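Overview (structure and organization)
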Amino acid sequence: MAITSPLPLFVLGSGTDPDTERGVECPGELPPASDPGLVERARRAKEKLGDRVFILGHHYQRDEVIQFADVTGDSFKLARDAAARPGAEYIVFCGVHFMAESADILTGPDQRVILPDLAAGCSMADMARLAQVEDAWDVLADAGVAEKTVPVTYMNSSADIKAFCGRNGGVVCTSSNAKRVLEWAYQQGEKVFFLPDQHLGRNTAVLQLGYELDDCVVYDPRQPNGGLTRQQLRDAKVILWRGHCSVHGRFTPEAVDEARARIPGVQVLVHPECQHEVVLKADLIGSTEFIIQTIEAAEPGTKWVIGTELNLVQRLAKNHPELEISFLERIVCYCATMNRIDLPHLVQSLENLVEGRVVNQIEVDPDTERSAKQALQRMLDLPGDSARD
Ligand code: SF4
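Residues numbered from 1 in each chain as written. Predicted model: local features only at pLDDT ≥ 70, side-chain atom pairs only at ≥ 80, totals over all residues.

A few points about the UniProt feature "binding site: iminosuccinate" (unreviewed entry) in the protein chain
Rule in force here: UniProt positions are given in the numbering used here, feature names are shortened, and annotations may be inferred rather than shown by experiment. Counting from the N terminus, the helices are the DSSP runs of H or I reaching at least four residues and the strands are the DSSP runs of E reaching at least two. Exposure classification rests on a simple neighbour count of other C-beta atoms within 10 Å of a residue's own: a residue reaching 20 or more is buried, one at 12 or fewer is exposed, and one in between is partly exposed. C-beta atoms are placed from the backbone.
This chain's UniProt record puts "binding site: iminosuccinate" (unreviewed entry) on His 58, Ser 75, Tyr 154, Met 155, Asn 156, Ser 175, His 271, Pro 272, Glu 273 and Thr 288. Mapped onto the secondary structure, Met 155 falls in the loop between β5 (149-154) and α7 (159-167). A tally of 26 C-beta atoms within 10 Å means that Met 155 is categorised as buried. Among the structural elements, Ser 175 can be located in the loop between β6 (171-173) and α8 (178-188).

Written out as structure tokens, the structure is:
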């Protein structure tokens, strides 16, 4: 049976514009995503590849993709799972670009990491570019604070931002270990420069470490000197990068009020990437893994409203009919880029691998990898680390 044909797949991009749909110019005849034959094609290709392929599925992925994942989890767990499978020649990462980079950093040199659609980026990670961050570091140096400042980057950042932190005595954190990482950072310096998610940085510093909102300033890379005076930089304890998650940043405090009015007795469970005003109104705050564990341990009959990515909330609701689970916002809140990875793209990746073609490989250059690993290693060296994002 012919697995591929000369027809290219362009789901969102058009023509051969490399900027709109990078990396999908490989040949491949793919039916519409609704074609039931796709499931069979994915199953057959995966079976042919056997142990040579290991498919990672992030919690926010669509069910049509998750059904083929060998393991599911958050980004850091998945990267570690891949590293624990050195025999797998191909790691197909059903997630977004920075996650595939982390997997490439943590896996062996002979393992190849594939992102089924190179256009699956992360808007939050894209909000902090290396040149912008280096400019900001110069601004901090001019204000005389860089040497007292420890850069901390959330796992949800590009490899070169992790490498920047590695080169400058900094560290990576996840949403599970952000408190412990910040405590470590304040043992190394007087201030923290938190990238790229202002909300996780603020929520952790204020709610878990006891800083005041006034101790935090927001560095806006689009403003001269970040929009801050030297004195503001000198007075701040936490310098937050002006970045956010375009999914979690959308939840509003009004939605929490509305949910409480609509569902008496409901418990509100949100991710710390949500705005501070939302987190303040929630009953429970925690990482994706925390949200899953909380729901799995919940008493039957209890009512929950969850503020995280919609695919995950829908899956939790489906898997827990004994609970009343609803989504925090009325508007749709899928992660648009995560959803670029669909069954057609997965089929394309797997069928090309069967044919001996590696398409959409993610490779971090050796220098960046070395420095990024330093920042990751500082996190892993923290006692009791159970990093999850
Ligand atoms: S949910 Fe937010 S942080 Fe996660 S990949 Fe999507 S945009 Fe990035």
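Past the structure itself, the notes keep going.
Re the site of the ligand
To keep things clear, this is the line we draw: By definition, a residue lies near a molecule or strand when the C-beta atom built from its backbone is within 6 Å of it. Basically, the charged four are Asp, Glu, Lys and Arg, the nonpolar ten are Ala, Val, Leu, Ile, Met, Phe, Trp, Tyr, Cys and Pro, and anything else, Gly included, counts as polar.
Close to the ligand lie 13 residues; Cys 122, Met 124, Cys 245, Val 247 and Cys 335 are nearest. When the residues that make up the shell around the ligand are grouped by side-chain class, the tally is 8 nonpolar, 4 polar and 1 charged.

Quick word on the nonpolar core
Let me state the cut-off plainly: Nonpolar cores are built from buried Ala, Val, Leu, Ile, Met, Phe, Trp, Tyr and Cys residues. These are joined into a set through C-beta atoms within 7 Å. What counts as a contact here is a pair of residues whose C-beta atoms, placed from the backbone, lie within 7 Å.
In terms of nonpolar packing, the biggest core is built from 113 residues, with Ile 91, Phe 93, Ala 103, Val 152, Val 270 and Ile 306 touching the most fellow members. Tallying contributions element by element places helix α4 (residues 97-106) first for this core, with 6 residues. In this view, Ala 103 contacts Leu 78, Ala 79, Ala 82, Ile 91, Phe 93 and Val 113; residues no more than four positions away in its chain are not counted.

Description of unusual backbone geometry
For the bond running from Leu 195 to Pro 196, omega is -25 degrees, close enough to zero to count as cis. Here Pro 196 is to be found in the loop between β7 (191-195) and α9 (198-208). Phi angles above zero are rare outside glycine, and Asn 360 is one such case at about 65 degrees.

Here's the deal with the UniProt feature "binding site: [4Fe-4S] cluster" (unreviewed entry) in the protein chain
Within this structure's numbering, the places UniProt gives as "binding site: [4Fe-4S] cluster" (unreviewed entry) are Cys 122, Cys 245 and Cys 335. Despite a sequence span of 214 residues, these residues sit close together in the fold, their greatest C-alpha distance being 9.2 Å. Take Cys 122: it is sitting in the loop between β4 (112-114) and α5 (123-126). Overall, the presence of 23 C-beta atoms within 10 Å leaves Cys 122 in the buried class. Apart from residues lying up to four places away in sequence, Cys 122 is in contact with Val 96, His 97, Phe 98, Asn 156 and Thr 337. Sequence-distant contacts of Cys 245, that is, excluding residues within four places in its chain, are made with Met 124, Asp 197 and Glu 273.

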